[in-house]
Amino acid sequence: MSGQALKEQLNLFADVVANLVMMETARSAFNRQNRHDLAELERYQGIAREEIALASERIDAHMMKSHKEGKTPLIKLFSVLSHLEMIVEAMNEAIPPLKKQIREGIPFSRKAMDQANKLFDGQIEILRTLVDIFKTDNEVLKKLILEEKAPQLSHLSIDFATAHEARLVEGLCLPHAAPIFLALIDVVRTMSRHEMDVVQLLMHEHKVEQK
């Protein structure tokens, strides 16, 4: 597979991630308690899955045509695609707790609302940067996610979970809100982990192409 063909495949992956930026819709559903936003989120989830299936078919087609020495970059593409699929599934895990919160009208403290929005905003920023990476193969942006944005968001998730559990013990948080908030934190942390894996694979791919 030529370097140009590989670049074209990575550029197509941007379509998958662009649909994941609909994490904005999850943030809107959380803040506005809006069922329509959740329906939109589920729709975009379906589109992202379709994009992943199409990308997988394209890579399969290239695998069939490639000689043994040309399969290594394609295997890396499959790995990237697998992590993108896990990011999609992690985001899907946000839908049930959001539905429960909206359906039952479960209130969140102002502190929890602020923290949840920080996590949503951080995740949206990473996804937008990933779109740019797939389109430009920018090494600076890769390092930004791998060394700063994703690790910082992951640590922030852990800090918020710890602080929330402390508030719960002290009686400063409603018990019904706790599992929903912790589920959303887990979604963000899982997505961050797979985003770091995606970028790591892309950095390796970049080095292979330079040799």
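Refer to the structure printed above.
About the cut-offs
Residues numbered from 1 in each chain as written. Predicted model: local features only at pLDDT ≥ 70, side-chain atom pairs only at ≥ 80, totals over all residues. Heavy atoms only, no water. Helix = DSSP H or I, 4+ residues; strand = E, 2+ residues; numbered from the N terminus. Buried < 20%, exposed > 50% of the residue type's maximum accessible area, 1.4 Å probe, protein only. Contact = heavy atoms within 4.5 Å. Areas by Shrake-Rupley, 256 points an atom, 1.4 Å probe, with all protein chains shown as cover. Phe/Tyr/Trp six-rings, centres within 6.5 Å; stacked < 30°, edge-to-face > 60°. Lys NZ or Arg CZ within 6 Å of the ring centre and 35° of its normal.

**Student:** Even after reading the chapter, I still don't get the overall build of the protein, so can you show me in this structure?
**Tutor:** Per the secondary structure count, the protein includes 8 helices and 0 strands. Put simply, the protein runs from its N terminus to its C terminus through helices and strands in the order α-α-α-α-α-α-α-α. The 211 residues of the protein split such that 47% are buried. Within the protein, residue pairs in contact and separated by at least 24 positions form 82% of the contacts whose partners lie at least 6 positions apart. When the accessible area of the protein is evaluated, it comes to approximately 10,500 Å², of which 54% is carbon and sulfur surface.

**Student:** Explain the packing of aromatic side chains to me, please; I cannot follow it from the model alone.
**Tutor:** A ring pair, where both rings are aromatic, is described by two values, the distance of the centres and the angle of the planes. The tally for this structure, following the rule as stated, stands at 4 aromatic pairs. Judged by centre distance (5.3 Å) and plane angle (85°), the rings of F30 and F108 are edge-to-face. Placement of F30 in helix α2 (residues 23–32) and of F108 in the loop between α5 (95–104) and α6 (110–136) is noted, with a sequence separation of 78 residues between them. According to the relative accessible area criterion, F30 is buried, its value standing at 1%. Among the residues examined, F108 registers a relative accessible area of 14% and is labelled buried. Arranged with centres 6.1 Å apart and planes meeting at 70°, the rings of F108 and F181 form a pair that is edge-to-face. Separated by 73 residues along the polypeptide, F108 in the loop between α5 and α6 and F181 in helix α8 (residues 178–210) bring together distant segments of the chain. By relative accessible area, which is 1% here, F181 ends up buried. Counting every residue linked through ring pairs, the aromatic cluster contains F30, F108, F120 and F181. Stacked on the ring of Y44, the Lys or Arg R43 has its end atom at 4.7 Å from the ring centre.

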